[in-house]
Each structure stands twice: as structure tokens, then as C-alpha cells.
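# Structure assessment
Below are the chains, spelled out letter by letter.
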Amino acid sequence: MKQQMLDRFGRIHTNLRISVTDVCNFRCIYCMPEDMTFMPDAALMTFDEILHLADIFVALGVNKIRITGGEPLVRPEVPTLIRRLMQVEGLKDISLTTNGIGLINQAQALYDAGLRRINVSLDTLNEEKFEQMTRRKVLSRVLQGLKTAHDCGFNPIKVNAVAMRGFTDDEIVDLATFARQNDYQLRFIEFMPLDADDVWGRNMYIPGKEIIEKINAVYPLKSVALNGESKSDTAQRYRFSDNGNEVGVIPSVSEPFCENCNRVRLTADGKFRTCLFSLTETDLLTPLREGASDAVITALILDAVAQKEAGHKINAADFIKPERNMSRIGG
Ligand code: SAM
Ligand code: SF4
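For the structure given in this document, a descriptive report is provided here. It should be emphasised that the depicted structure is a prediction, and the values quoted were computed from it without experimental measurement.

### Some details on the pairing of strand E9 (residues 246-250)
For E9, the buried fraction is high: 5 of the 5 residues fall into the buried class. Here E9 shows two buried faces, one formed by Glu246, Gly248 and Ile250 and the other by Val247 and Val249. Pairing of strand E8 (residues 236-240) with E9 involves 4 bridges; the strand directions are antiparallel. Each residue of the ladder has a partner; that of Arg239, found in E9, is Glu246. Where E8 hands over to E9, the hairpin turn is made up of 5 residues, counted between the paired strands.

### Thoughts on the nonpolar core
Core analysis: the largest hydrophobic core is formed by 103 residues, its most contacted members being Phe57, Phe188, Ile215, Phe272 and Ile301. Not counting residues within four places of it along the chain, the set of residues in contact with Ile301 comprises Met5, Ile56, Phe57, Leu60, Phe272 and Leu284.

### A look at the sheet that holds strand E7 (residues 221-223)
Judged by pairing direction, the sheet is mixed, and its 12 strands sit side by side in the order E7-E8-E9-E6-E5-E4-E3-E2-E1-E10-E11-E12 without closing on themselves. Looking along the sheet, the strands with just one partner apiece sit at the ends: E7 and strand E12 (282-283). In terms of strand pairing, E7 meets E8 through 3 bridges, oriented antiparallel. Paired with Leu221 across the two strands is Phe240, which belongs to E8. The strands touched by helix H6 (residues 172-182) within the sheet are strand E5 (157-163), strand E6 (185-190) and E8, with E6 carrying the most contacts at an inclination of about 150°.

### Let's talk about the site of ligand 1
By nearness alone, 19 residues border ligand 1, and Tyr30, Gly70, Glu71, Ser121 and Met192 come closest of all. Residue Glu71 places a side-chain N or O atom 3.2 Å away from a nitrogen atom belonging to ligand 1. Separating an oxygen atom of ligand 1 from a side-chain N or O atom of Ser121 is a distance of 2.5 Å. Within the complex, 96% of the 540 Å² of free accessible area of ligand 1 lies under protein. Elements with a minimum of two residues in the shell around ligand 1: strand E3 (93-98), E5 and E6. Grouping the constituent residues of the shell around ligand 1 by class yields 8 nonpolar, 9 polar and 2 charged.

### Some words on the pairing of E5
Of all 7 residues in E5, 7 are buried; the element is thus mostly enclosed. Residue alternation in E5 divides its side chains into two sets, Ile157, Val159, Ala161 and Ala163 and Lys158, Asn160 and Val162, and both sets are buried. With 4 bridges connecting them, strand E4 (residues 117-121) and E5 associate as parallel partners. Of the residues in E5, the one forming a bridge with Asn119 is Lys158. Bridge count for E5 against E6 is 6 bridges, and the pairing is parallel.

Thresholds, definitions, all that
- Residues numbered from 1 in each chain as written.
- Chains lettered and ligands numbered in written order.
- Predicted model: local features only at pLDDT ≥ 70, side-chain atom pairs only at ≥ 80, totals over all residues.
- Heavy atoms only, no water.
- Buried < 20%, exposed > 50% of the residue type's maximum accessible area, 1.4 Å probe, protein only.
- Helix = DSSP H or I, 4+ residues; strand = E, 2+ residues; numbered from the N terminus.
- Pairing = 2+ DSSP bridges.
- Core = buried A, V, L, I, M, F, W, Y, C linked by side-chain atoms within 4.5 Å.
- Contact = heavy atoms within 4.5 Å.
- Axes fitted to C-alpha atoms, helices over the stretch in contact; angles between N-to-C directions.
- Near = heavy atom within 4 Å.
- Polar contact = N/O pair within 3.5 Å; in protein donor to acceptor, adjacent residues only side chain to side chain.
- Areas by Shrake-Rupley, 256 points an atom, 1.4 Å probe, with all protein chains shown as cover.
- Nonpolar A, V, L, I, M, F, W, Y, C, P; charged D, E, K, R; others polar.

Shape is all these values report; function is a separate question.
Right, dumping it as C-alpha cells:
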């Protein structure tokens, strides 16, 4: 029988996020400090190494890969990587998460490489707040990047907004209006304790339920039932009653969805993580570089999955924040 990444809680893992760099051209306050030290280039997986590990993961049942970072589009030649991943047999779905600014120049090349699904992070439509959130004054270029991607034919385009108390509250409906008007699928992500500056606090996230209530009061929503593979979706999904567009929330803090988790992660330096909040990780790149066989790498992966945590402990008294912040894990 084909091997699969089955953990002791019966969860089968089919979804892999691969970070291609920890470098980023933004400094979002919920993710990175202003003065970040990045990994040396030699520590990053090469495209050949990423492809090699992707093959091993696909043999273990992975059928979805999301490319992320840091900001993936600051790494040269990402369209080439996408083109090569498209050829991996057994992979049903490849997507990419970006802060959007690189789409102005790279959307067409990514589309031509075969990519169809992208997630663009956009937390606010207000220039001043954008600068406060990202420490960069480039909102108009992100909006231009989104439009370029739309014009290329990307579908769906998901817009991810981190919902932070005091920042996002008065923009929830405006962001929904923006997404409705432009055919983007909007997702609000509850702010999680993965920031580098330790700004997270229990009063700093906006519960998904509150977000949905605010939108529903202006644009009535219908809940989208999750079944089959979509049960492991991180998002609670809704549809606007008057147009088919979707909006959703990712309530990682207020309503964790760990029991249906099917995701694992590979950091840019080739460390395998079974949870965003893992306190341990398994080095796959060093053995790969030392010539370990696929069987050895497979055993390392299966061993780590067998020990996957039941869930994150954000809401528990003994929660310990991982050493890596979000940009060094790959969100
Ligand atoms: N740079 C790309 C981007 O921003 O889309 C990809 C990497 S980023 C780490 C991936 C996602 O993680 C983004 O949607 C970002 O908003 C989200 N994120 C970062 N830090 C977060 C935090 N502390 N809580 C919740 N989401 C976070
Ligand atoms: Fe960069 Fe994305 Fe982190 Fe913002 S969330 S600092 S864009 S990696």
C-alpha cells in the first residue's frame, strides 16, 4: 500500500507549504522586526533540492503545494520553479502567497508557467494604515499588482487580511466591498502570536465571528458547507447572498481547526515542521546534501508526522511561542 503521512490522531497530510526565502521587502508589524537578519543564500534550498523533496512528499500523498516565504517573489526565477513543479506527477494544485508588489512585473510569467491560484496579502485600503502595518509606503503598487494578476486571468485571487484590533475594526466592511467589486475572495486571518516583536496579546485579534457579523449586517451572507477535502480548509467560508463571491475567516485563535489539519511545512532552509507552532523541527536539507537516500528522508518525515502535536496551544496556560517568527516559517 502507498505510504502516507498519517499521524497518531488519524490525520492524513496532503497539503505542503514550501517557503522559498525568508527575505521580504515589507516589514509587517505582525510578522517581522524592522531590522531582520536573513539566512545566508547557501542555507536556502536550491530549486533542485525543492523539487527533490517535493517528489518525496508527493510519493507520500501530498497533492497540494503552496509556495510562500518571506516574500516568495523576491527570490529570482520563481516562475521557473512553478513550471518545474507543474510537471510533478500527482500534484493537483499549486498556489502562491505574496504581498502582491512583485505581481506588477511577474504576474504574467507566473501565469505562463501554469500558476492559476494566488493569495495576496492586503490588510488595509488606507495609505497611512498600510504604511503603519507594513512599514512601507507602497499601497498603490500592491493594488496595481492585484489588478495585473486579475488582468492576466488568475482565478481565484484570494485577498488575505490579518485582522488586528484597533487597526482592522473600521475597515472590515470596506475590505468586503472592495473584494465584492473586484471579484476577489476575501479572507480575514485572526492575528496569531507569530510576530517577531512580541506585540501579540489576547486583546489584539478580532474573532472571526465578530467579522462575519459585521459583514452580514451590510451584505447578507450564506454559510458554505464544508465536506470532503474542504473539511480541512483553514477558512470558514461564506457567500454573499446577492452575488456568488466568497468571503471567509480563518479563526485560528478563537476557533482552532487543528483536529482537521492536513498541513505540513518546509522552511526555506529545509526544516520540516508539522505545525506553525511546532517547538521542534526536522532537518531534511542536511541529510539530503549529505547524500541520504529517499528512503532515509521518507523515514525522517514519517517519524516527525507520527509525533505531530494534537494542536496548537495558543489558548493554553502553557503556550510557548516558537522561536521562528512567521516570515522564517512560511505562512
Ligand atoms: N510575504 C507573503 C505575504 O505576506 O503574503 C507570504 C508570506 S506571509 C508570512 C504569509 C501570510 O501570513 C500572509 O497572509 C500574512 O498576512 C500572514 N501572517 C504573517 N504574520 C501573521 C500573524 N502573526 N498572524 C496571522 N497571520 C500572519
Ligand atoms: Fe513580509 Fe509577508 Fe511577513 Fe509581511 S507578512 S513581513 S509581506 S513575509
